[in-house]
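Listed below are the residues making up each chain.
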Amino acid sequence: MEETQSDDAAAAEGSSSSDGSLVDPTEAPAPPGEFEGMSVEACVAEAAEEKARGNEHFKAKRHTEACACYERGVRLVEHKKDAAISGVDGARELLASLLTNITACGLRMERWSDVIQRATDALALDKGESVNLKALFRRGIARSRLGLDGGAKADLHAVCRAEPRNRDARAELSAVSERLAEAKLTERNAFASMFTSGKSLYAAEEAEAKRKAAADAEAAAAKKAREEEEEAAMRT
């Protein structure tokens, strides 16, 4: 899958720590040696418990608390990541699930850069031809919300190829594709207006405003439907 790392890095600028990792300034850093002395198996087992606690918070719409549980679960698995993934059954899948759940929280809290980062981390765990479609879809949504429409289109198109009946992905892809087409048309009209009256430019701006309002309404409806679907999935 082709990445647009430079665009994503630009979008995340200003919300990253000096070492390049995404940090929420309201969250305290992990204590030094937080998991020292714990075995690989114990770390993975506790990470699974953090996931379960996070799911309960998510179902109750406590997204900040849910995210904190999932992030601690990630730290537990990554404390001895190589040993966990190679030596503990289900550790890779658990880590991918924790990261993917963080993206669900990030969408609810509109932390788009965090969603992109954690979705990319989850996708890096894919094996063979298996693709984490939830992470890919959510990264596409986040890129779209940040105006990274090229990357968003690539992600959403891949999801639609894998799941042709995914209505949410098709709706988002349609909106992104329309924005890209409209942007190209607006650019062409603006260039043409340099050689005509200012009236054509005004008409293009008015059309763009109407298109944006329609796209925003469509995105809001898709977001509501997606949240209801995710809440229902958490209850199963």
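Up top is the structure.
Everything in this summary refers to the structure shown in the same document. (Residues numbered from 1 in each chain as written. Predicted model: local features only at pLDDT ≥ 70, side-chain atom pairs only at ≥ 80, totals over all residues. Heavy atoms only, no water.)

Right, let's talk about the overall build of the chain for a bit. For the chain, the helix and strand inventory stands at 10 helices and zero strands. Residue burial in the chain is summarised as follows: out of 236 residues, 39% are buried. Accessible surface for the chain amounts to roughly 13200 Å². Of this, 53% is attributable to carbon and sulfur atoms. (Helix = DSSP H or I, 4+ residues; strand = E, 2+ residues; numbered from the N terminus. Buried < 20%, exposed > 50% of the residue type's maximum accessible area, 1.4 Å probe, protein only. Areas by Shrake-Rupley, 256 points an atom, 1.4 Å probe, with all protein chains shown as cover.)

Of note in the backbone geometry, K61 takes a positive phi value of approximately 65 degrees without being a glycine. The topology assignment puts K61 in the loop between α2 (40-59) and α3 (63-79). Positive phi values are uncommon outside glycine, yet E110 reaches one of about 60 degrees. With respect to the element layout, E110 can be found in the loop between α5 (91-109) and α6 (112-123). Taking the relative accessible area as the measure of exposure, E110 reaches 44% and is therefore partly exposed.

Once that is clear, we can look at the pattern of salt bridges. A full pass over the atoms with the stated rule returns 13 salt bridges. R53 is the salt-bridge partner of E50, the closest N and O atoms lying 3.3 Å from each other. Taken together, the positions of E50 and R53, both in helix α2 and three residues apart, correspond to about one turn of that helix. On the accessibility criterion, E50 (7% relative accessible area) is buried. (Salt bridge = Lys/Arg side-chain N within 4 Å of Asp/Glu carboxyl O.)

For the α-helix, the turn length of 3.6 residues means that residues three or four positions removed from each other point alike. Along its 20 residues, α2 runs 29 Å from first to last C-alpha, staying within 8% of the 28 Å computed at 1.5 Å per residue. When α2 is considered as a whole, its buried residues turn out to be V40, C43, V44, A47, E50, G54, N55 and F58. End-on, the buried residues of α2 take up no more than an arc of 145 degrees, which puts them together on one face. The first or second residue beyond α2 is K61, which carries a positive phi of 65 degrees. (Expected span 1.5 Å × (residues − 1). Arc of directions from axis to C-beta.)

This paragraph deals with the packing of α5 against α6. Axis separation between α5 and α6 bottoms out at 8 Å; the angle between their running directions is 165 degrees. The orientation of α5 relative to α6 falls into the category roughly antiparallel. Along this stretch, α5 crosses α6, giving a crossing that reads as left-handed. For the pair α5 and α6, the contacting residues are A96, L99, T100, I102, T103, G106 and L107 in the first and W112, V115, R118, A119, D121 and A122 in the second. (Axes fitted to C-alpha atoms, helices over the stretch in contact; angles between N-to-C directions. Parallel < 35°, antiparallel > 145°, perpendicular 65-115°, else oblique. Left-handed = near helix turned anticlockwise from the far one by under 90°. Contact = heavy atoms within 4.5 Å.)

Time to look at helix α8 (residues 149-162). The first and last C-alpha atoms of α8 sit 20 Å apart over 14 residues, in line with the 20 Å expected at 1.5 Å per residue. Listed as buried for α8 are D149, G151, A152, D155, L156, A158, V159 and C160.

Secondary-structure assignment places H63 in helix α3. Among the polar contacts listed, one links the side chain of H63 to the side chain of R108, at a separation of 3.3 Å. Dropping the residues within four chain positions of it, H63 is found in contact with F58, C105, R108 and M109. (Polar contact = N/O pair within 3.5 Å; in protein donor to acceptor, adjacent residues only side chain to side chain.)

Turning to the environment of C160, a few remarks are in order. Here C160 lies in helix α8. Between the C-alpha atoms of C160 and L173, which are 13 residues apart in sequence, the distance is 8.2 Å. Beyond its immediate stretch of four places on either side in the chain, C160 contacts A169, R170 and L173.

Within the largest apolar cluster, 47 residues are counted, with the highest numbers of intra-cluster contacts made by F58, Y70, V77 and L98. Contributions of two or more residues to this core are made by α2, α3, α5, α6, α7 (133-145), α8 and α9 (167-193). Among the elements that take part in this core, α5 stands out by supplying 10 residues, more than any other. With residues near it in sequence (within four places) discarded, V77 still touches A47, A84, A91, L94, L95 and L98. (Core = buried A, V, L, I, M, F, W, Y, C linked by side-chain atoms within 4.5 Å.)

Interhelical geometry of α5 versus α7 gives an angle of 30 degrees and a closest axis separation of 9 Å. The angle between α5 and α7 falls in the class roughly parallel. Considering how the two elements wind past one another, α5 and α7 form a crossing that is left-handed. Where α5 approaches α7, its residues T100, T103, A104 and L107 are matched on the opposing element by K134, A135, R138 and I141.

So yeah, pure geometry; function would need other evidence.
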